[in-house]
Amino acid sequence: MPDKIDTLFINCHLATMADTALSVIKKGALAVTGKTISWMGKEKDLPKNFKGRCQKIIDCKNGWILPGFVDCHTHLVWAGSRSNEFKMRLEGATYEEISKKGGGIFSTVKATRNASTEHLFVLAAKRVNALFKQGITTLEIKSGYGLNLETELKILKVIQRLDDHFPLHIDATFLGAHALPQEFVNNPDGYVDLVTQTMLPKVKSQAIATAVDVFCERIAFSLDQTKKVFETAGNLGFNIKLHAEQLSDSNGAALAAQFNALSCDHLEYLSLSGAQKMARHNVTAVLLPGAFYFLKQTQKPPVDVFRDLKIPIALATDLNPGSSPVHSMTLILNMACMLFDLTCEEALLGATINGAKALGLDCSKGSLETGKDADLVVWDIDTPADLCYLAGLSPSNIVMIKGRIHHDEPYN
């Protein structure tokens, strides 16, 4: 038992997400010292006079404490609107058809290139704030709406500024190979050369991203082009991630596994052999039900295969302007259960410890365990399953990040 306690939560229930399970502690207590969790267990097991050593005691009024959500896949730095494409899809246009007409990513690229750094920051800050109020304490943000050196660096610097401005932990991922820019439409290999020979070294030298992602798909980059990006990224020391098998089976997941990727994301068309390679190389499967829903997809990711192979299943909002303008993790939890047939426990693990695994942060984030960062949320719910059942649940009661409370209005 630690000698000093900065914050003690009492009269609460804990859903720890430790050991890849919900692991409930009823009538519990949790102590925080500095930035980390220093004790947790049954409240009745607190030593005598322990409360007298605590600087702050919070009565959770029978609420539930869960680790903060980890949103491990977003594209939230962009300018412009694509609500017109939403109307087009309602009229029957497909994602690929819109893309071929210059819409989709290309319309966002144009608006983002023309936006100032300050304007991009203001727009993105509103989105981060919305996610934060929904209980998200760790966040990944990708670039990819620049598709030239100047704008990709601009986006990554905005992400860096967001990380400085907000209490959340924010990881930046370079997604220069998100789509083929129109100026390289007849020279895709030339653009890949730009990404590998110019962009990646610049991103590395400025230390403004920790991972590299590629959209490996028939409307984006081929297997060989993806491999070339991965080889350069790996040599530079970046973590590897991949948009894989969303619209077709391109065997991208197998390639990502070969490079020991942290995660493969989407995976609706993943083959059994690709899944087996993911399992062999400990690659996390990131499912994105928001995009599945907005694109009206029908091919579901092979959840039973993930279960059989014990591949960790993570969930993320995929917040982006075209295929998943979703700002709520609890809505994603509900979608994952309703659309992908996940259990509530699987969904909650997906938004916490498995999301942390997808970012390589599971040693410090994603579960309630002594020694881990005190990133936690207090919810006024009857059971953790309510976070899946009550789709788009209103903002959380208390959010603590690294031992500091940032939102505690209901208990003032």
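Here, the structure is the one placed above.
The text that follows walks through the structure, step by step, so that each part is easy to find. This structure is a prediction, so every number in the text was calculated from the model and none was measured.

Here we take up the side chain of E245. Take E245: it is sitting in the loop between strand 9 (239-244) and helix 8 (252-258). A distance of 3.4 Å separates a polar atom in the side chain of E245 from the backbone nitrogen of N251. Excluding anything up to four places from it in sequence, E245 contacts C216, E217, S250, N251, G252, A253, L267, E268, Y269 and L270.

The residue F259 is located in the loop between helix 8 and strand 10 (263-266) in this model. Separated by 32 residues in the primary sequence, F259 and K227 place their C-alpha atoms 8.9 Å from one another. Apart from residues lying up to four places away in sequence, F259 is in contact with K227, F230, E231 and I240.

Checked against the element boundaries, K241 lands in strand 9. Overall, K241 belongs to the buried group, its relative accessible area being 1%.

We now examine the sheet that holds strand 6 (residues 136-142). Here we have 8 strands laid out as an open sheet, ordered 5-6-7-8-9-10-11-12, and parallel in their pairing. With one partner strand each, in any of the chains shown, strand 5 (69-71) and strand 12 (313-315) form the two edges of the open sheet. With strand direction ignored, the average angle separating the axes of adjacent strands in the sheet is 25 degrees. Bridge count for strand 10 against strand 11 (residues 284-287) is 3 bridges, and the pairing is parallel. Within the sheet, the bridge partner assigned to D265 lies in strand 11 and is V286.

How each quantity is defined
Residues numbered from 1 in each chain as written. Predicted model: local features only at pLDDT ≥ 70, side-chain atom pairs only at ≥ 80, totals over all residues. Heavy atoms only, no water. Helix = DSSP H or I, 4+ residues; strand = E, 2+ residues; numbered from the N terminus. Polar contact = N/O pair within 3.5 Å; in protein donor to acceptor, adjacent residues only side chain to side chain. Contact = heavy atoms within 4.5 Å. Buried < 20%, exposed > 50% of the residue type's maximum accessible area, 1.4 Å probe, protein only. Pairing = 2+ DSSP bridges. Axes fitted to C-alpha atoms, helices over the stretch in contact; angles between N-to-C directions.

Read these as geometric descriptors, not functional statements.
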